[in-house]
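This is what each chain is made of:
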Amino acid sequence: MATEHYDSVLHPPAIVAELKKNKVSHVVWLPDSETNFMYQLLDAEPTIDLVSVCREGETMAIAAGLWVGGKKPVVLIQNTGIFESGDSIRGLGLDINQPLVMLIGYRGWSRHGLTNDSAARFIEHNLHSWGINYYLIETDEDAPRISLAMDEAQRTQKPVAVLVGTEFGS
Amino acid sequence: MINNTDAVRLLDRKRKNNIIVPTMNAGNTRFGLPSVTTNEKLDLPLSGAMGKASSLGLGIALAQPGRKVLILDGDGSLLMNLGTLVTIANKAPKNVYHFVFDNGAYCVTGGQPVPGAGKDDWAGMAKAAGFAATFSFDNIEDLTTGIDQVLSTTGPVFVHLKVAPEIENTPVQFRQRPRRSVQQAFKDVATSVGGR
């Protein structure tokens, strides 16, 4: 099925290009509706290994193991999964000073008024409570913020989040 | 039943230059791996983020395919992250050896029974999840005899150990603390494997 191409939105190739530019070795993820077009691209990308999990809290722990073993992982989950992952973010992100970039599908995000989705209403408060800085990406032009997040994570030796507003195919 | 210290001592003796990720009783500072280890710089004890030792071990195994990773899990811990069996089996790392120390209880909180204590078929669950091989031992003699076969089997391997509970009732603030901080343990392992 053909997918209409919108110039002012975020396309998966822009995200994958950022990951490759930053020499990301692994994407530890659980699919979500905000990043659903990325799977095929990542699956076909020979320089990035996909690690699928059953529940989001596994992702930070697997990333911690990859990191201590010398790799450069990122996590890709939905904001709902962040709520599930609290103890992993605490124990295997913040406590061990893991420079982990977490790409987070921003379910419920809208620039057009208040959202009724509590996943959107609570996520930024949640990140604030942990002292985790975050960037928002909504268009291809925003994608370089992933590099900013990667740099910040390395510089501060802390997890940094990238909230993915919406993703469109092709 | 197997004595906890006897089990970790045997695994440490067989470890060579491989990494061990112990948690709960297997990682206890008084009677777990830290009390008998011969290569602390390759030990990564996990006390926080309960349930995630196997996920941490999986990540190390994927990053370091030339080394074996021995995950020493607890039954209560594994119950908190049961999907990890499928996650590991799906990725199928040949160097993962996932031991569960089945003592049937939450020992660090006073010995309350875990759900399914005495009824769970741990090796059966791992087999059904897709592990390449599973083993089960309920005495140290058989474990001593069988451990070489276990560690020479291509992973992911799951090993069920029926272990006697070591229940702690000392208030947490009076318990023996680890010699190393968790940050230091991560640094030690990373340095030892050339990770960063």
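As a starting point, this report considers the structure included with it. Predicted, not measured: the structure shown is a model, and the values here were computed from it.

Definitions and limits used
Residue positions within a chain follow its written sequence, with the count starting from 1. Throughout, the order in which chains and ligands are written sets their labels, letters from A for the former and numbers from 1 for the latter. Given that the model is predicted, a residue must reach a pLDDT of at least 70 before its local features are reported, and side-chain atom pairs must reach 80 or more before they are shown or counted; all residues, however, enter totals for whole chains, interfaces and linings. Where side-chain values are given, they derive from all heavy atoms of the structure, hydrogens and water being excluded. For helices the rule is a DSSP run of H or I covering at least 4 residues; for strands it is a run of E covering at least 2, with both sets numbered from the N terminus onward. For a compact globule the rule gives 2.2 Å times the number of residues to the power 0.38, and the radius of gyration it is set against comes from C-alpha atoms. Two strands qualify as a pair provided that DSSP identifies no fewer than 2 bridges between them. Angles shown run from 0 to 180 degrees and are taken between the N-to-C directions of axes, each axis being a line fitted to C-alpha atoms and, for helices, limited to the stretch in contact. Any two residues having at least one pair of non-hydrogen atoms within 4.5 Å are treated as being in contact. We call a residue buried when its accessible area falls under 20% of the maximum for its residue type, exposed when it is over 50%, and partly exposed in between, using a 1.4 Å probe and counting protein chains only. Each C-beta atom gives one direction from the helix axis, and the arc is the one those directions make. Throughout, the accessible surface (probe 1.4 Å) given up by two parts as they are put together, summed over both, is called the buried area. Salt bridge, as used here, is a side-chain nitrogen of Lys or Arg placed within 4 Å of a carboxyl oxygen of Asp or Glu. Within this scheme, the nonpolar core is defined by two criteria: the residues are buried Ala, Val, Leu, Ile, Met, Phe, Trp, Tyr or Cys, and they are joined through side-chain atoms within 4.5 Å. Here is the rule for handedness: rotate from the far helix to the near one, and if that takes an anticlockwise turn smaller than a right angle the crossing is left-handed, while a clockwise turn gives right-handed. Amino acids outside the nonpolar list (Ala, Val, Leu, Ile, Met, Phe, Trp, Tyr, Cys, Pro) and the charged list (Asp, Glu, Lys, Arg) are all regarded as polar, and Gly is one of them.

**Considerations on the overall build of chain B**
Thought 1: The helix and strand inventory of chain B stands at seven helices and seven strands.
Thought 2: Secondary structure of chain B in N-to-C order comes out as α-β-α-β-α-α-β-β-β-α-β-α-β-α.
Thought 3: Whereas a compact globule of 196 residues would reach a radius of gyration of roughly 16 Å, chain B reaches 15 Å, a difference of no more than 12%.
Thought 4: By its C-alpha atoms, chain B is 40 × 40 × 30 Å across when sized along the principal axes.

**What to know about the sheet that holds strand S2 (residues 69-74) of chain B**
Residues and elements named next belong to chain B.
Thought 1: Overall, parallel pairing links the five strands, which are arranged S1-S2-S3-S7-S6 in an open sheet. Because the sheet does not close on itself, it has two edges, and the strands there are strand S1 (19-22) and strand S6 (133-137). Each strand axis lies, on average, 15° off the axis of its neighbour in the sheet, ignoring direction.
Thought 2: Together, S1, S2 and strand S3 (96-102) form the strand contacts of helix H2 (residues 53-63), whose direction differs from that of S2 by roughly 175°.

**Details of helix H5 (residues 122-129) of chain B**
Residue and element names in this part refer to chain B.
Thought 1: Those residues of H5 that fall on the buried side of the exposure criterion are Trp 122, Ala 123 and Ala 126. On an axial view of H5, the arc spanned by its buried residues comes to 95°, and they lie on one face. In H5, the exposed residues that point more than 90 degrees away from the buried face are Lys 127 and Ala 128.
Thought 2: At the exit of H5 stands Gly 130, carrying a positive phi of roughly 115°.

**Details of the interface of chain A and chain B**
Thought 1: Contact residues are listed per partner, giving 26 residues for chain A and 29 residues for chain B.
Thought 2: Summing both sides of the interface, chain A and chain B together bury roughly 2000 Å²; the carbon and sulfur share of this comes to 67%.
Thought 3: Ranking the residues of chain A by area buried against chain B places Glu 58, Val 68 and Leu 92 of chain A at the top, with a combined share of 26%.
Thought 4: At the junction of chain A and chain B, the tally comes to one salt bridge.
Thought 5: Here Lys 91 of chain B and Asp 49 of chain A are joined by a salt bridge, their closest N and O atoms 2.8 Å apart.

**What about the nonpolar core?**
Thought 1: Within the largest apolar cluster, 59 residues are counted, with the highest numbers of intra-cluster contacts made by Met 102 of chain A together with Leu 44 and Phe 186 of chain B.
Thought 2: For this core, the leading source of residues is helix H3 (residues 57-68) of chain A, giving eight residues.
Thought 3: In this structure, Met 102 of chain A is in contact with Met 60, Val 75, Ile 82, Ile 89, Ile 132, Pro 159, Val 160, Ala 161 and Val 162 of chain A, ignoring residues within four places of it in sequence.
Thought 4: Val 16, Val 27, Tyr 135 and Ala 153 of chain A belong to the second-largest nonpolar core, a separate cluster that totals 26 residues.

**Quick word on the packing of H3 of chain A against H2 of chain B**
Thought 1: One way to put it is that H3 of chain A packs onto H2 of chain B with a least axis distance of 6 Å and a crossing angle of 40°. Considering only the axes of H3 of chain A and H2 of chain B, their crossing is right-handed. For the pair H3 of chain A and H2 of chain B, the contacting residues are Glu 58, Ala 61, Ile 62, Ala 64, Gly 65, Leu 66 and Val 68 of chain A in the first and Ser 55, Leu 56, Leu 58, Gly 59, Ile 60, Leu 62 and Ala 63 of chain B in the second.
Thought 2: Here the contact of H3 of chain A with H2 of chain B is built from residues that sort into ten nonpolar, three polar and one charged.

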